[in-house]
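A structural walkthrough
Chain by chain, the residues:
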Amino acid sequence: MNTKIRLLMLGIKQVELVKMVNDKGVSCNACQLNIAINEKNSQPKFGVIRDTVDEILTEIEGKRNAEINEA
């Protein structure tokens, strides 16, 4: 699923996501995140950012699904 759609569905803003990516140990600013999400650059750094974003969103989606199943 498209990263932007996933962010919208989870109610997460890109500004919040920048902090989460940095918390995972990947240096990233808002501009770099935008480039990575829009796949406008194929340099390895942007691939790492995309992979980290996918990991973060998958974790959040898993937690939200677990909460829904508990209810």
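Structure: above.
Below: a short report on this structure. (Residues numbered from 1 in each chain as written. Predicted model: local features only at pLDDT ≥ 70, side-chain atom pairs only at ≥ 80, totals over all residues. Heavy atoms only, no water.)

1. Here's the deal with the side chain of Arg 6
Rule in force here: Elements are defined by DSSP. Helices are runs of H or I of four residues or more, strands are runs of E of two residues or more, and each kind is numbered from the N terminus. Burial classes: relative accessible area under 20% of the type maximum marks a residue as buried, over 50% as exposed, and values in between as partly exposed (1.4 Å probe, protein chains only). A 3.5 Å cut-off defines polar contacts: any pair of N or O atoms within that distance qualifies, except that in protein one atom must be a possible hydrogen donor and the other a possible acceptor, and neighbouring residues in sequence count only when both atoms are side-chain atoms.
On the secondary structure map, Arg 6 appears in helix H1 (residues 3-10). Given a relative accessible area of 7%, Arg 6 falls into the buried group. Within the structure, the side chain of Arg 6 is placed 3.0 Å from the side chain of Glu 61, a separation counted as a polar contact.

2. Overview of the packing of helix H3 (residues 30-37) against helix H4 (residues 44-70)
Basically, it comes down to this: Orientation is described by axes fitted as lines to C-alpha atoms, over the contacting stretch for helices, and by angles from 0 to 180 degrees between their N-to-C directions. Roughly parallel here means an angle under 35 degrees, roughly antiparallel means over 145, roughly perpendicular means 65 to 115, and every remaining angle is called oblique. Any pair of residues with heavy atoms lying within 4.5 Å of one another is described as a contacting pair.
H4 packs onto H3 with a crossing angle of 85° between their chain directions and a minimal axis gap of 9 Å. With respect to H4, the axis of H3 lies roughly perpendicular. Listed contacts from H4 to Gln 32, Leu 33, Ile 35 and Ala 36 of H3 are Lys 45, Phe 46, Ile 49, Arg 50 and Val 53.

3. Considering the pattern of salt bridges
Filter applied, for reference: Put simply, a salt bridge is a Lys or Arg side-chain nitrogen that is within 4 Å of an Asp or Glu carboxyl oxygen.
By the definition in use, this model includes five salt bridges. The partner of Asp 54 in a salt bridge is Arg 6, and the shortest N-O contact between them spans 2.6 Å. Within this pair, whereas Asp 54 is found in helix H4, its partner Arg 6 is found in helix H1, the two being separated by 48 residues in sequence. Here Asp 54 falls in the partly exposed class, since its relative accessible area comes to 37%. Among the ionic pairs, Lys 19 bridges to Asp 23, the shortest N-O distance being 3.2 Å. Highlighted residues: Lys 19 and Asp 23, both in helix H2 (residues 14-23), separated by four residues, approximately one helical turn. When its relative accessible area of 52% is taken as the criterion, Lys 19 is described as exposed.

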